[in-house]
Amino acid sequence: MIQYKAKEKGIAVILTEESYTSGTSFIDDEMPVKANYNKARRIHRGLFKSNNNILINADLNGAYQILKKVFPIKWDRGCALHPFVVNIA
């Protein structure tokens, strides 16, 4: 349904695989791969703790990790605190 509605509005949808994005740390610049996965860093629903004990919203961390998979550029951890728009057109 999302693809259908996005197409109506001229928005491109990129489907991607999301494994290991919720248990790896964007703040620590970890790639979302099995070797870096540590489920214990999700303190509870909605809270993720980095290796340096920095707390971040778990959904935000996962979303940034998904972005990292789709757009493999050098991401600065500061963007987690200061979001910006990525124009893919």
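Now for a look at the structure at hand. Bear in mind that the values here come from a model prediction, so they are computed numbers and not experimental data. Note that residues are indexed from 1 along each chain, following the sequence as it is written. Predicted model: local features are reported for residues with pLDDT of at least 70 only, side-chain atom pairs are reported and counted for 80 or more only, and whole-chain, interface and lining totals are derived from all residues. Note that the side-chain values use all heavy atoms of the structure and ignore hydrogens as well as water.

## Section: the overall build of the protein chain
Note the threshold: The numbering of helices and of strands both runs from the N terminus, where a helix is a DSSP run of H or I of at least 4 residues and a strand a run of E of at least 2. Only protein chains enter the accessibility calculation, which uses a 1.4 Å probe; a residue whose area is less than 20% of its type maximum is buried, one above 50% is exposed, and one in between is partly exposed.
For the protein chain, the count of helices and strands is two helices and three strands. The order of α-helices and β-strands along the protein chain, N terminus first, is α-β-β-β-α. When each of the 89 residues of the protein chain is scored for burial, the buried share is 26%.

## Some words on the side chain of threonine 24
We apply this condition: As used in this structure description, the phrase polar contact means that two N or O atoms lie within 3.5 Å; if the pair is within protein, one of them must be able to donate a hydrogen and the other to accept it, and residues adjacent in sequence are counted only when both atoms belong to side chains. We call two residues contacting when some pair of their heavy atoms lies within 4.5 Å.
Summarising the element assignment, threonine 24 is placed in the loop between helix H1 (2–8) and strand E1 (42–44). In terms of polar contacts, threonine 24 uses its side chain to reach the side chain of glutamine 65, at 2.7 Å. Here threonine 24 is in contact with Glu30, Met31, Pro32, Val33, Asn36, Tyr37, Arg41, Phe48, Asn61 and Gln65, once residues within four sequence places are set aside.

## Observations regarding a nonpolar patch on the surface
Definition in use: Think of a patch as exposed residues, more than 30% relative accessible area, with no salt bridge, where like charges cluster within 9 Å and nonpolar side chains (Val, Leu, Ile, Met, Phe, Trp, Tyr) cluster within 5 Å. A 1.4 Å probe and the Shrake-Rupley method give the accessible areas. Residues count as covered only by the protein chains that appear here. Any Lys or Arg side-chain nitrogen located within 4 Å of an Asp or Glu carboxyl oxygen qualifies as a salt bridge.
A cluster of nonpolar side chains, Ile2, Val13 and Leu15, forms an exposed patch at the surface whose accessible area comes to about 330 Å². Mapped onto the elements of the fold, leucine 15 is located in the loop between H1 and E1. We classify leucine 15 as exposed; its relative accessible area is 66%.

## What about unusual backbone geometry?
Peptide bonds are trans in most cases, and residues, glycine excluded, mostly fall at negative phi. Of note in the backbone geometry, tyrosine 20 takes a positive phi value of approximately 70° without being a glycine. By the element assignment, tyrosine 20 lies in the loop between H1 and E1. Take tyrosine 20: its relative accessible area is 30%, and that puts it in the partly exposed class. Positioned with a positive phi, aspartate 29 is a non-glycine residue whose angle comes to about 60°. Here aspartate 29 shows up in the loop between H1 and E1. Under the relative-accessibility criterion, aspartate 29 is labelled partly exposed at 40%.

## So, the pattern of salt bridges
One pass over the structure, following the stated rule, counts three salt bridges. Notably, a salt bridge pairs glutamate 17 with lysine 69, separated by 3.4 Å at the nearest N-O pair. Here glutamate 17 is found in the loop between H1 and E1, whereas its partner lysine 69 is found in helix H2 (residues 58–70), with 52 residues between them in sequence. One salt bridge in this structure joins aspartate 29 and lysine 68, with 3.5 Å as the shortest N-O distance. Highlighted residues: aspartate 29 in the loop between H1 and E1 and lysine 68 in helix H2, separated in sequence by 39 residues. For lysine 68, a relative accessible area of 3% corresponds to the buried category.

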